[in-house]
Amino acid sequence: MGTFIVLEGIDGAGKSTQARLLAEWFEERGYEVVLTKEPTDTAFGKLIRRLVLTGGREGIIDGAKISHEAEALLFAADRAEHVDKLIRPALQAGKVVISDRYFYSSLAYQWARGLDLEWLIDLNRFAVRPDLVVLLDLPVRESMKRLRSRRIKSEFDKIFELQKRVRENYLKLAEMFPEIKIVNALDDVETVHQQVVALVETLLGE
Ligand code: TYD
């Protein structure tokens, strides 16, 4: 079995940058790495981006708001394909899989939308558990500042209050799931990378 590492955090926490740096770190050490993300680039992921992320504040389908439950199911469907077609085969082939977001995003965001956490956990029970989840944590004010300099794709990412609830949810999840380790994402890119590497080295040393 390979090694499965996930990066989580609110929008603008630096997940994609850190995922890329970590992938390079593994590659320099001769590992075969699969760098991936959710929502994925498959048909389901594209559907999510079209329905959920381009529709304004909340998902819109045919002019009507998508229910939060349907939204959670769409994310879960995308994830089921992700696990079945990419993550599990890569792990079985002994590769390192690094995913920018995974089911913890569903727990943090869809819980923040008001859904029942236990239902969300049950819904995602099919998802293979990662060996390590790095939670890039920073205050929402800071993440919003970073996002302003980036092209913001939709209102979904903008809502300050939602992001605050999401951050709080992630911190609560870190107390429930022992694989989640918190890293202070306020530091500069290289310092954060070193902290991520330290966690990975601990994992590999076990
Ligand atoms: P993001 O990583 O910002 O995608 P992109 O690469 O297109 O910028 O993720 C898109 C949004 O989807 C983000 O605000 C978090 C949200 N999301 C959920 O609400 N639930 C989930 O299960 C996932 C994977 C993402």
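Residues numbered from 1 in each chain as written. Predicted model: local features only at pLDDT ≥ 70, side-chain atom pairs only at ≥ 80, totals over all residues. Heavy atoms only, no water.

Caption draft 1: How the structure looks around the overall build of the protein chain. Counting its secondary structure elements, the protein chain contains eight helices and seven strands. Whereas a compact globule of 206 residues would reach a radius of gyration of roughly 17 Å, the protein chain reaches 16 Å, a difference of no more than 12%. Expressed along its principal axes, the backbone C-alpha trace of the protein chain runs to roughly 50 × 35 × 30 Å. Sequence-distant contacts, at least 24 apart, represent 78% of the contacts inside the protein chain between residues at least 6 apart. Counting only carbon and sulfur atoms, one obtains 51% of the accessible surface of the protein chain, whose full area is about 10100 Å². Once the 30 positive and 33 negative side-chain charges of the protein chain are each reduced to a mean point, those two points are 5 Å apart. (Helix = DSSP H or I, 4+ residues; strand = E, 2+ residues; numbered from the N terminus. Rg over C-alpha atoms; globule rule 2.2 N^0.38 Å. Contact = heavy atoms within 4.5 Å. Areas by Shrake-Rupley, 256 points an atom, 1.4 Å probe, with all protein chains shown as cover. Lys, Arg positive; Asp, Glu negative; His and termini not counted. Charge placed at Lys NZ, Arg CZ, Asp CG, Glu CD.)

Caption draft 2: Representation of the nonpolar core. By size, the foremost hydrophobic cluster in this structure holds 56 residues, and its most contacted members are Phe26, Ile98, Tyr102, Tyr104, Leu136 and Tyr170. Examining the composition of this core, we find that six residues originate from one element, helix α4 (residues 103-112), more than from any other. Dropping the residues within four chain positions of it, tyrosine 170 is found in contact with Glu8, Gly9, Ile10, Arg101, Tyr104, Ser105, Ala108, Tyr109 and Leu135. Core analysis: the next-biggest nonpolar cluster, separate from the first, contains six residues, Ile48, Leu51, Ile66 and Phe75 among them. (Core = buried A, V, L, I, M, F, W, Y, C linked by side-chain atoms within 4.5 Å. Buried < 20%, exposed > 50% of the residue type's maximum accessible area, 1.4 Å probe, protein only.)

Caption draft 3: Local environment of the pattern of salt bridges. On inspection of all chains with the given rule, the structure shows 14 salt bridges. Ionic pairing is found between arginine 125 and aspartate 122, a salt bridge with its closest N-O pair at 2.3 Å. By relative accessible area, aspartate 122 is classed as partly exposed at 44%. In the salt-bridge network here, residues are joined through shared partners; they are Glu81, Asp84 and Lys85. (Salt bridge = Lys/Arg side-chain N within 4 Å of Asp/Glu carboxyl O.)

Caption draft 4: Quick look at α4. Here α4 lies mainly inside the structure; nine of its 10 residues are buried. Among all positions in α4, only Phe103, Tyr104, Ser105, Ser106, Leu107, Ala108, Tyr109, Gln110 and Ala112 are buried. Where the residues of α4 are buried, they touch β1 (3-8), α3 (68-92), α5 (117-123), β6 (132-137), α7 (160-176) and β7 (180-184). Positive backbone phi, at 105°, marks glycine 114, one or two positions downstream of α4.

Caption draft 5: Representation of the packing of aromatic side chains in the model. A full pass over the atoms with the stated rule returns nine aromatic pairs. Relative to tyrosine 104, the ring of phenylalanine 103 has its centre 4.1 Å away and its plane inclined at 25°; by these criteria the two rings are stacked. On the basis of relative accessibility, which here comes to 5%, the residue phenylalanine 103 falls in the buried class. Judged by relative accessible area, tyrosine 104 falls into the buried class, the value being 0%. Taking the centre distance of 6.4 Å and the plane angle of 85° together, the rings of tyrosine 109 and tyrosine 170 count as edge-to-face. Placement of tyrosine 109 in helix α4 and of tyrosine 170 in helix α7 is noted, with a sequence separation of 61 residues between them. Assigned by exposure class, tyrosine 109 and tyrosine 170 land together as buried. Through pairs of rings, three or more aromatic residues link up here, namely Phe4, Tyr102, Phe103, Tyr104 and Phe177. (Phe/Tyr/Trp six-rings, centres within 6.5 Å; stacked < 30°, edge-to-face > 60°.)

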